[in-house]
Each structure stands twice: as structure tokens, then as C-alpha cells.
Amino acid sequence: MHLGIDFGTSFTKIGFTDKGNFISLTGEAKIPTAITYLPSQDKLYFGSQALRLSEPGAYTARFFKLYLKRNPNFSISQFTLEDILRQYFSFLKNKCVQPQINNITGVSISVPNYFG
């Protein structure tokens, strides 16, 4: 099965095609392209959970793809751009893919309007 990820500014969509039909791995739910860093835990959180977290010193980027687009050296605390992207796609894998699919043969990632 070939997986498709649409890494959008507001939301990320993830799914696959089956006999020409798109099958969403999140159903009707949308995954906000959001990140929150909690200094007390020295940890990054993503998606809907990231938007619910708050504490003194917390840093939230609601549309973090824009931050990446505007600043290739974007970082949060000790987390580099590479760290953030690795953790975000790992979050997607753990939340959406692994519970449902085991036979992935490929992945395509679209980054709409990245150069716009």
C-alpha cells in the first residue's frame, strides 16, 4: 500500500487510495499542523493535543509549517528543524498509520505552497 501525506499549513491529511478511492486514516477528523513545546517536560506535542496544552513558558506554533517555510533554521529549544520534522512524522505514524496499516510499500508527502 502506498501512503499519501498532505502536509498542509492548517491541517495535515493522511491516507491511501483503494481502487481509485481516497481512504482517510483519520476519518472525518483533521490533524492540526500545530506544535507546542513544554519546557517543564522538555518535550514537543503535536496536533490537537498541542493546541490544548498551556503552561508558563510554553511555546505554541499553530501553523508551524509557516515557521519552517519562513525560517529554515527554525528551532524550539534544543529541537532543530530536522528534529521537529522527524518527531512530527513519527507522531503521524504512531497516531494514524500503525494502528491501521502494516503493509506500507511507499510514502508520498506533498507540501502545498511551500515555494509560494
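Preceding block: the structure.
Residues numbered from 1 in each chain as written. Predicted model: local features only at pLDDT ≥ 70, side-chain atom pairs only at ≥ 80, totals over all residues. Heavy atoms only, no water.

### A few points about the overall build of the protein
- Broken down by element type, the protein carries three helices and eight strands.
- Put simply, the protein runs from its N terminus to its C terminus through helices and strands in the order β-β-β-β-β-β-α-β-α-α-β.
- Taking 13 Å as the expected radius of gyration for a compact globule of 116 residues, we find that the protein reaches 15 Å, a close match to that expectation.
- Overall, the C-alpha framework of the protein stretches about 50 × 30 × 25 Å when taken along its three principal axes.
- The 116 residues of the protein split such that 33% are buried.
- Taking all contacts inside the protein whose residues are at least 6 apart in sequence as the whole, residues at least 24 apart take part in 51%.
- A total accessible area of about 7000 Å² is found for the protein, and carbon and sulfur atoms account for 51% of it.
- Once the 12 positive and 7 negative side-chain charges of the protein are each reduced to a mean point, those two points are 5 Å apart. (Helix = DSSP H or I, 4+ residues; strand = E, 2+ residues; numbered from the N terminus. Rg over C-alpha atoms; globule rule 2.2 N^0.38 Å. Buried < 20%, exposed > 50% of the residue type's maximum accessible area, 1.4 Å probe, protein only. Contact = heavy atoms within 4.5 Å. Areas by Shrake-Rupley, 256 points an atom, 1.4 Å probe, with all protein chains shown as cover. Lys, Arg positive; Asp, Glu negative; His and termini not counted. Charge placed at Lys NZ, Arg CZ, Asp CG, Glu CD.)

### Here's the deal with the nonpolar core
- Ranked by internal contacts, the top residues of the largest apolar core, which has 24 residues, are I14, L25, I35, L44, F64, I84 and Y88.
- Secondary structure elements with two or more residues in this core: β1 (2-7), β2 (11-18), β5 (35-38), β6 (43-46), α2 (64-70) and α3 (81-97).
- Here this core gets six residues from one element, more than from any other, and that element is α3.
- With near-sequence residues (within four places) excluded, I14 lies in contact with L3, G4, I5, F22, I23, S24, L25, T26, I31, L92, C96 and V97. (Core = buried A, V, L, I, M, F, W, Y, C linked by side-chain atoms within 4.5 Å.)

### With respect to the sheet that holds strand β7 (residues 59-61)
- Spatially, the three strands line up as an open sheet ordered β6-β5-β7, and their pairing is antiparallel. Each end of this open sheet is capped by a strand with a single partner; those strands are β6 and β7. Averaged over all pairs of adjacent strands, the angle between their axes in this sheet comes to 15°, without regard to strand direction.
- Contacts from α3 reach β5 and β6 within the one sheet, and its direction differs from that of β6 by about 50°. (Pairing = 2+ DSSP bridges. Axes fitted to C-alpha atoms, helices over the stretch in contact; angles between N-to-C directions.)

### A short note on a nonpolar patch on the surface
- A cluster of nonpolar side chains, namely I104, V107, I109 and V111, defines an oily patch on the protein surface of about 290 Å² accessible area.
- Inspection of the secondary structure puts I109 in strand β8 (residues 106-110). (Patch = residues over 30% accessible without salt bridge, like charges linked within 9 Å, V, L, I, M, F, W, Y side chains within 5 Å. Salt bridge = Lys/Arg side-chain N within 4 Å of Asp/Glu carboxyl O.)

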